[in-house]
Amino acid sequence: MNRKQTVATLPRFIYLNGYAFLLLFMGACAVAVPLFSVCKWFVIPQVILLAICWKGAFTIFRSWGDKQRKYSLLMQRNAAGLRPDTFTEFMQAPCGRLLVKVVLEDLDMSDRYSELQYLRQSFRHNLKSGCKSKKTVIYYPEERL
């Protein structure tokens, strides 16, 4: 079994941050359209769209260290055999699904990705759960005297 134990390579960086590059490109295209010649007020929505796209892109780029940690964690947890429960969190977002594909490829289990599709929740379900408030409980350890 030939395992690559690292995700920190340029091709992997480009693959796992593909959505960030897409957002950068979309923001640049939004500004490249010369709408100011039609009306100078069109510049404001263009700049707002650019800011939204680039903020999302840089947020994804900043999560690179976290992706590397999660990659190594998934590799450790699934080295002995595939544990679908460890992939639940990652199957909810497009970037996470890309990470799952990389991990499965390195574990020589690429063909088992279809088995994990049942963990993926629909966009509608994610939208509903994301808009509901959640109760947060914080437990403090008891003080010892």
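Criteria and thresholds
Residues numbered from 1 in each chain as written. Predicted model: local features only at pLDDT ≥ 70, side-chain atom pairs only at ≥ 80, totals over all residues. Heavy atoms only, no water. Helix = DSSP H or I, 4+ residues; strand = E, 2+ residues; numbered from the N terminus. Rg over C-alpha atoms; globule rule 2.2 N^0.38 Å. Buried < 20%, exposed > 50% of the residue type's maximum accessible area, 1.4 Å probe, protein only. Polar contact = N/O pair within 3.5 Å; in protein donor to acceptor, adjacent residues only side chain to side chain. Contact = heavy atoms within 4.5 Å. 1 Å grid on protein atoms, 1.4 Å probe; cavity = no way out; pocket = protein on both sides within 12 Å on 5 of 7 lines; lining within 4 Å. Points joined across faces, edges and corners; volume = space filled by probe spheres on them. Nonpolar A, V, L, I, M, F, W, Y, C, P; charged D, E, K, R; others polar. Phe/Tyr/Trp six-rings, centres within 6.5 Å; stacked < 30°, edge-to-face > 60°. Lys NZ or Arg CZ within 6 Å of the ring centre and 35° of its normal.

Enquirer: Would you mind going over the overall build of the protein with me for this structure?
Expert: For the protein, the helix and strand inventory stands at six helices and zero strands. For the protein, the N- to C-terminal ordering of α and β elements is α-α-α-α-α-α. What you see for the protein is a C-alpha radius of gyration of 20 Å, clearly larger than the 15 Å of a compact globule of 145 residues, by over 25%. In terms of principal-axis extent, the alpha carbons of the protein reach across some 60 × 50 × 35 Å. For the protein, the proportion of its 145 residues judged to be buried stands at 27%.

Enquirer: How should I be thinking about the side chain of D106 in this particular structure?
Expert: In this structure, D106 sits in helix α5 (residues 94-106). Given a relative accessible area of 2%, D106 falls into the buried group. A polar contact of 2.2 Å, which involves the side chain of D106, links it to the side chain of Y71.

Enquirer: Sorry if this is basic, but what is going on with the side chain of Q46 here?
Expert: Topologically, Q46 is positioned in helix α3 (residues 43-62). Here V33 takes part through its backbone oxygen, which lies 2.6 Å from a polar atom of the side chain of Q46. Contacts of Q46, omitting those with residues within four sequence positions, involve A30, V31, V33 and L35.

Enquirer: Sorry, what's going on with the environment of K134 here?
Expert: Note that K134 resides in the segment after α6 (123-131). Since its relative accessible area comes to 67%, K134 is described here as exposed. Sequence separation between K134 and K70 is 64 residues, and the spatial gap between their C-alpha atoms is 25 Å.

Enquirer: It is not clear to me how the layout of surface pockets should be interpreted in this structure. Could you clarify?
Expert: Taking a probe equal in size to a water molecule and rolling it over the atoms shows the remaining empty space. The space that makes up the largest pocket amounts to roughly 200 Å³. If you trace the largest pocket, you find it lined by S63, D66, K67, K70, E89, F90, A93, C95, G96 and L99. Looking at the lining of the largest pocket residue by residue, the classes come out as four nonpolar, two polar and four charged.

Enquirer: Would you mind going over the packing of aromatic side chains with me for this structure?
Expert: A ring pair, where both rings are aromatic, is described by two values, the distance of the centres and the angle of the planes. Tallied over the entire structure, the rule returns six aromatic pairs. For the pair F13 and F21, a centre-to-centre distance of 6.4 Å together with 80° between the ring planes defines the contact as edge-to-face. The ring of Y113 has K101 sitting right over it, with the charged end atom 5.1 Å from the ring centre.

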